[in-house]
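Geometric and topological summary
Given next are the chains, with one letter for each unit.
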Amino acid sequence: EAGVTQSPTHLIKTRGQQATLRCSPISGHTSVYWYQQALGLGLQFLLWYDEGEERNRGNFPPRFSGRQFPNYSSELNVNALELEDSALYLCASSGRWGQSNEKLFFGSGTQLSVL
Amino acid sequence: QKEVEQNSGPLSVPEGAIASLNCTYSDRGSQSFFWYRQYSGKSPELIMFIYSNGDKEDGRFTAQLNKASQYVSLLIRDSQPSDSATYLCAVNGGTYKYIFGTGTRLKVLA
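The paragraphs below set out a description of the structure included in this document. (Residues numbered from 1 in each chain as written. Chains lettered and ligands numbered in written order. Predicted model: local features only at pLDDT ≥ 70, side-chain atom pairs only at ≥ 80, totals over all residues. Heavy atoms only, no water.)

Quick notes on the overall build of chain B
Keep this limit in mind: Only DSSP runs of H or I with at least four residues qualify as helices, and only runs of E with at least two residues qualify as strands; both kinds are numbered from the N terminus onward. A radius of gyration in this sense is built from C-alpha atoms; the matching globule rule multiplies 2.2 Å by the number of residues raised to 0.38. Only protein chains enter the area calculation, which uses a 1.4 Å probe; residues under 20% of their type maximum are buried, those over 50% are exposed, and those in between are partly exposed. Throughout, a residue-residue contact means that at least one pair of heavy atoms, one from each residue, lies within 4.5 Å. Each accessible area is a Shrake-Rupley result for a 1.4 Å probe, and residues are judged covered by the shown protein chains and nothing else. Positive charge is attributed to Lys and Arg, negative charge to Asp and Glu, and no charge count is given to His or to the chain ends. Charge positions come from single atoms, namely NZ of Lys, CZ of Arg, CG of Asp or CD of Glu.
Counting its regular elements, chain B contains 0 helices and 11 strands. When the helices and strands of chain B are listed from N to C terminus, the series reads β-β-β-β-β-β-β-β-β-β-β. Compactness check: chain B gives a C-alpha radius of gyration of 13 Å against a globular reference of 13 Å for 110 residues, within 12% of the reference. The dimensions of chain B, computed from C-alpha atoms along their principal axes, are 40 × 30 × 20 Å. For chain B, the proportion of its 110 residues judged to be buried stands at 45%. Within chain B, residue pairs in contact and separated by at least 24 positions form 55% of the contacts whose partners lie at least 6 positions apart. Carbon and sulfur atoms form 46% of the exposed surface of chain B, whose accessible area is close to 5200 Å². For chain B, the distance from the average site of its 11 positive side-chain charges to the average site of its 10 negative ones is 5 Å.

And the structure:
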C-alpha cells in the first residue's frame, strides 16, 4: 500500500514568486496536515484539512493557503515567496477526524528553496 | 510556555546503553502521544504511540506516559549507532491538532 506521496521533491523559486506543493494521502485517510520545518528547527503546524474543509491553521500569514480535493489529495500554495520560506514542507495524513488516537504518517517532503 | 517541550540535546550514549528521552506537554486535555524518529534530511517516521498511563513496549523501545505529571518518555534499550537521529515527541489534544516538540538529537557512540 502506498504511503503519503508529495511532489515535487525539490522546488527552487525566486523571491516574490508563487509555489505550489502537492500531497496525496494514504488510501482511506481523509485528513491532511501540512508542516514547515526550517533548517535545524522543529515542525511548525501550517494547515489541517479534513473532508475538503480547512479545520485549523497555524500561526502563518494568509499568503500560505491550500485546499483539499474530493479525492482527499491536497495542495499547499505559498504566494509572494520570501527568503525565510525556504524550508522542508511536510505533508502528513491520518484517518477520520474525531478519532483522537489516529496516527499521523508523513510523506518524504518538498524541499523549497527561495533565492 | 511551549506546548510540547523537549531537551534539544545532543544526548550521547555508548553503544549498548539505554537512551532515555523525555517530553513534557502543557495541555491537560491531550489524549494521544507519539514518538517519531527523524534522520537528517528525511521525514519523521512513527516509532511508538501511547494513549494510556503506564508503559508500552515494542522491541527495544518503551514509551512511558504519566498524565498527572504531563510527562511522556521514550527508552531505547541496547542503543545502536543506527539509532542516532532526532526524536520528536508529538501530542494530539482536544483540538485534534498534532503538536510537535523541537526534538532531541541522539548520538549513539560506537
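This is not the end of the story, as more comes after the structure.
Some thoughts on the overall build of chain A
Across its full length, chain A holds 0 helices and 11 strands. Of the regular secondary structure in chain A, the N- to C-terminal order runs β-β-β-β-β-β-β-β-β-β-β. For 115 residues, the compact-globule estimate of 2.2 N^0.38 gives 13 Å, and the C-alpha radius of gyration of chain A, at 13 Å, lies within 12% of that figure. Based on the C-alpha atoms only, the size of chain A along its principal axes is roughly 40 × 25 × 25 Å. Taking contacts inside chain A between residues at least 6 apart in sequence as the whole, the part at least 24 apart equals 54%.

Considerations on the state of the cysteines
Such a bond, covalent and formed between the sulfur atoms of two cysteines, is termed a disulfide. All names here are of chain A. How we decide: Two cysteine sulfurs form what is called a disulfide whenever their separation falls within 2.5 Å.
One pass over the structure, following the stated rule, counts 2 disulfides over all chains. Here C23 engages in a disulfide with C91; their sulfurs sit 1.8 Å apart. Negative torsions about the S-S bond denote left-handed disulfides, and the value of about -60 degrees found for C23 with C91 makes this one left-handed. Of this pair, C23 sits in strand β3 (residues 19-24) while C91 sits in strand β9 (residues 87-94), and the two are 68 residues apart along the sequence.

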